[in-house]
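The chain contents come next:
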Amino acid sequence: MSQVIGIDLGGSKIALGLVNPRDEIITRCRINTNAEAGLASVVARIALEVAAFQASLPSHDVLSAIGVGAPGPVDHISGDLLTLVNLPGISNTPFRRALQERIGLPVALDHDAKAAALGEFHFGAGRDRESMIYIVIGTGVGAAIIYQGELIYGESNSAGESGHMTVDPKGPRCHCGSRGCLETYASGPALAKHYAAAAAETVSGAEVTRRALSGDAVALAVLHAAGRALGIAIASLAMTLNIELFVIGGSVAGAGDLLLDPARESLVEYSFRAVSARVQVTASALGEDAPILGAAWLARQRLVDLG
């Protein structure tokens, strides 16, 4: 059987999964990213894990290709990583070429949000649908747009920057230079910032979510505001693109309906009723497996493209 590996390249960790032809993750591992050590070090450590996966395969199985979902911006055509604010050690490097030369197998590379979207679209919440928008909310906020089965990249490869849609022109200043971006309300750091302002206590975004799930009133209010902002962004996307399925992933999506119910409410307020009545806002079905399965799908497509 032909196996592939899906890789989720993150700021602090790299998750790898060996995926069989039934699109099941049969073996997985995690290693630290340590991007500050540079491209050669990161590629060498990934290659060691790939070799371990290969060694574990039955004699009748073969490893055929690798797919990688990486933090943006990336050039999915050349396979290069561009200027990565959170991973300066591997910024502006030919990552796909370096990995491909090291392991001797075809490699596909795309933005991690797009990889996760492909995972959800083909194997998770979006299966059996023609179109879908995936919004990932974690340290930042990003999105991927799939229309009639195809990823939308835009004319300069920047489609999906929903984290920097303005949801409140008088809102907080964003690190991008604008005001009131979705990311200033709904990202993990934003949850922490708004909680600290209201409760005079510094905690992480993950802790804000945990406290909200335990009934903390301040945390609930912070998540409610984040959900409202998310709903405004969804309303704008739904009105503009007329796509009816929105899948929310990333660590902040772990808040579930505490985040999504306010989003559904403001979606109705800020879009035509005829549009909002058809829009479904749901949490990721695959969670952390979405980028691995999406990267594995990219790997198989790479094999098809190479003929």
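Before reading further, recall that the structure is shown in the block above.
Conventions and cut-offs
Residues numbered from 1 in each chain as written. Predicted model: local features only at pLDDT ≥ 70, side-chain atom pairs only at ≥ 80, totals over all residues. Heavy atoms only, no water. Core = buried A, V, L, I, M, F, W, Y, C linked by side-chain atoms within 4.5 Å. Buried < 20%, exposed > 50% of the residue type's maximum accessible area, 1.4 Å probe, protein only. Helix = DSSP H or I, 4+ residues; strand = E, 2+ residues; numbered from the N terminus. Contact = heavy atoms within 4.5 Å. Pairing = 2+ DSSP bridges. Axes fitted to C-alpha atoms, helices over the stretch in contact; angles between N-to-C directions. Parallel < 35°, antiparallel > 145°, perpendicular 65-115°, else oblique. Nonpolar A, V, L, I, M, F, W, Y, C, P; charged D, E, K, R; others polar. Arc of directions from axis to C-beta.

A. Region of interest: the nonpolar core. Ile-135, Ile-137, Leu-230, Ile-234, Phe-246, Ile-248 and Leu-259 are the most contacted members of the largest nonpolar core, which totals 40 residues. At the level of secondary structure, the elements contributing two or more residues to this core comprise strand 8 (132-137), strand 9 (141-147), helix 4 (183-186), helix 5 (188-199), helix 6 (205-213), helix 7 (217-241), strand 11 (245-249) and helix 8 (257-269). The biggest single contributor to this core is helix 7, with 12 residues. Not counting chain neighbours up to four residues away, the residues in contact with Phe-246 comprise Ile-133, Ile-135, Ile-234, Leu-237, Ala-238, Val-279, Gln-280, Val-281 and Thr-282. Within the second largest apolar cluster, 33 residues are counted, among which are Val-42, Leu-57, Val-68 and Leu-105.

B. Geometry of the sheet that holds strand 3 (residues 25-32). The sheet built from 5 strands is open, its strands ordered 3-2-1-4-7 with mixed pairing. Strand pairing shows two members of the sheet lacking a second neighbour, strand 3 and strand 7 (107-111), which therefore form its edges. Averaged over neighbouring strand pairs, the angle between their axes works out to 20° when direction is ignored. Across 6 bridges, strand 1 (residues 2-9) lies against strand 2 (residues 13-19) in antiparallel orientation. When the bridges of strand 2 are listed, Val-4 appears paired with Val-19. Packing of helix 2 (residues 95-103) onto the sheet brings it into contact with strand 1, strand 4 (62-70) and strand 7, and relative to strand 7 it is tilted by some 155°. In the packing of helix 3 (residues 112-123) onto the sheet, contacts are made with strand 1, strand 4 and strand 7, and the angle to strand 7 comes to roughly 105°.

C. Examining the sheet that holds strand 8 more closely. The strand order 10-9-8-11-12 describes an open sheet built from 5 strands, whose pairing is mixed. Strands with a single pairing partner mark the edges of an open sheet, and in this sheet they are strand 10 (150-151) and strand 12 (280-283). Note that strand 11 and strand 12 share 4 bridges and pair parallel. Opposite Phe-246, over in strand 12, you have Val-281 as the bridge partner. Packing against the sheet, helix 7 makes contact with strand 8, strand 9, strand 11 and strand 12, and its axis sits at approximately 155° to strand 8.

D. Structural view of the packing of helix 3 against helix 10 (residues 289-306). Relative orientation of the contacting elements helix 3 and helix 10 amounts to 85°, with a least axis distance of 6 Å. One element, helix 3, and the other, helix 10, form an angle in the roughly perpendicular class. Together, Ala-115, Ala-116, Leu-118, Gly-119, Glu-120, His-122 and Phe-123 of helix 3 and Ala-290, Pro-291, Leu-293, Gly-294, Ala-295, Trp-297 and Leu-298 of helix 10 make up the contact between the two elements. Of the residues assigned to the contact of helix 3 with helix 10, the class counts are 10 nonpolar, 3 polar and 1 charged.

E. Region of interest: the environment of Ala-199. Structurally, Ala-199 can be placed in helix 5. By relative accessible area, which is 29% here, Ala-199 ends up partly exposed. C-alpha separation for the pair Ala-199 and Val-218, spaced 19 residues apart in sequence, amounts to 6.9 Å.

F. A look at helix 2. Looking at helix 2, one finds that the buried residues are Phe-95, Arg-96, Ala-98, Leu-99 and Ile-103. Along the long axis of helix 2, the arc covered by the buried residues comes to 165°, so they all point the same way. The outward face of helix 2, more than 90 degrees from its buried face, is lined by the exposed residues Arg-97 and Glu-101. The inward-facing, buried residues of helix 2 abut strand 1, helix 1 (39-56), strand 4, strand 6 (80-81), strand 7 and helix 10. Note on helix 2: the residue one or two positions beyond its end, Gly-104, has a positive phi of about 75°.

G. Structural detail: the pairing of strand 11. With 5 of its 5 residues buried, strand 11 lies for the most part within the structure. Of the two faces of strand 11, both are covered, the one formed by Leu-245, Val-247 and Gly-249 as well as the one formed by Phe-246 and Ile-248. Note that strand 8 and strand 11 share 4 bridges and pair parallel. Counterpart to Val-136 in the pairing with strand 11 is Gly-249.

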